Amino acid sequence: MSEIISSRANPKIKDAALLSKNPRPERFLVEGFHMVEMARTAGCLDEVFAVKDPGFTEVKTFLVTREIIEKISVSKNPEPILGIAHLPKNKPLGKKVLVLDRVQDPGNVGTLIRTAASFGFDDVMLLPGTCSPINAKSIASTQGALFLTNLIICKSLEEGFESLCQRGLSVVGTALKGAEDLDSASFSAGAGIALVLGNEGRGISEWVREHCDHLIRIPMKGMESLNVGIAGGILMYHFRQV
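Just so it is clear, the model here is predicted, and its values are computed rather than measured.

Caption draft 1: Structural detail: helix α6 (residues 157–167). Listed in full, the buried residues belonging to α6 are L157, G160, F161 and L164. In a view along the axis of α6, the buried residues occupy a sector of 90 degrees, so they form one face of it. The elements touched by buried residues of α6 are β6 (96–100), β7 (123–126), β9 (170–174), β11 (193–197) and α7 (206–210).

This is the structure in structure tokens:
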């Protein structure tokens, strides 16, 4: 299923190069052997561009030059393989959901998706204002976890919280003030938990705060707050057995 392309001006190459600037959930770039294999294993890999034939019999493969790889890639020193992939189809919410409210740094978004997959938060809900999970830096930071995660991209706050309510989850927001310390929090998350993390500088929005069932904070000494990626890792580890 391989085809040779030798020209950087080939329409197929031009179309692939545009995806770095205009990715869509149904069509975006993944770079490097690891990411391509993760997409392939998840059944989300649609096309491959490679300097050498990777032997993928089930995926259309284009054999190209190193210069073409460099034209398509956003990396300074790209690996000699990249692919076009799509996100997995959405599934019903499970028992543990990570909710991101206006988290804007793509590295943080990608890291949180990867951490969620590591601690059993199989669903990640992205509220309006959150950086796209298919931003090139987000994708790289997930290390392939976006293909293991049920990513729900919400068009409105109401849409997201309605689905959490229907699932019967305890919605737990993070805040610095008016919140219980994590170590002594008294609520029960037996039916499941939706853990809400907010913007790097401003935290969760007032609307989201008012619609949370509980507010918690990580007790700290000497510092007021943590990077959202670090805080998310601590909290998801804490709730890993819910």
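Caption draft 2: Spotlight on the sheet that holds β6. As summarised here, the arrangement of the seven strands in space is β8-β7-β6-β11-β9-β12-β10, forming an open sheet in which the pairing is parallel. Looking along the sheet, the strands with just one partner apiece sit at the ends: β8 (150–153) and β10 (180–181). Bridge count for β7 against β8 is four bridges, and the pairing is parallel. From the neighbouring strand, L126 faces β8, where its bridge partner is I153.

Caption draft 3: Representation of the packing of helix α4 (residues 106–118) against helix α8 (residues 228–238) within the structure. Orientation of α4 relative to α8, taken along the N-to-C sense of each, is 10 degrees, at an axis distance of 9 Å. As far as their axial angle goes, α8 and α4 are roughly parallel. In the packing of α4 onto α8, the handedness of the crossing is right-handed. Note on element contacts: α8 touches α4 through V228, G229, G232, G233 and M236, opposite N108, L112, T115 and A116.

Caption draft 4: Geometry of the environment of S186. Note that S186 resides in the loop between β10 and β11. The exposure class of S186 is exposed, given its relative accessible area of 64%.

Criteria and thresholds
- Residues numbered from 1 in each chain as written.
- Predicted model: local features only at pLDDT ≥ 70, side-chain atom pairs only at ≥ 80, totals over all residues.
- Heavy atoms only, no water.
- Buried < 20%, exposed > 50% of the residue type's maximum accessible area, 1.4 Å probe, protein only.
- Helix = DSSP H or I, 4+ residues; strand = E, 2+ residues; numbered from the N terminus.
- Arc of directions from axis to C-beta.
- Contact = heavy atoms within 4.5 Å.
- Pairing = 2+ DSSP bridges.
- Axes fitted to C-alpha atoms, helices over the stretch in contact; angles between N-to-C directions.
- Parallel < 35°, antiparallel > 145°, perpendicular 65-115°, else oblique.
- Left-handed = near helix turned anticlockwise from the far one by under 90°.

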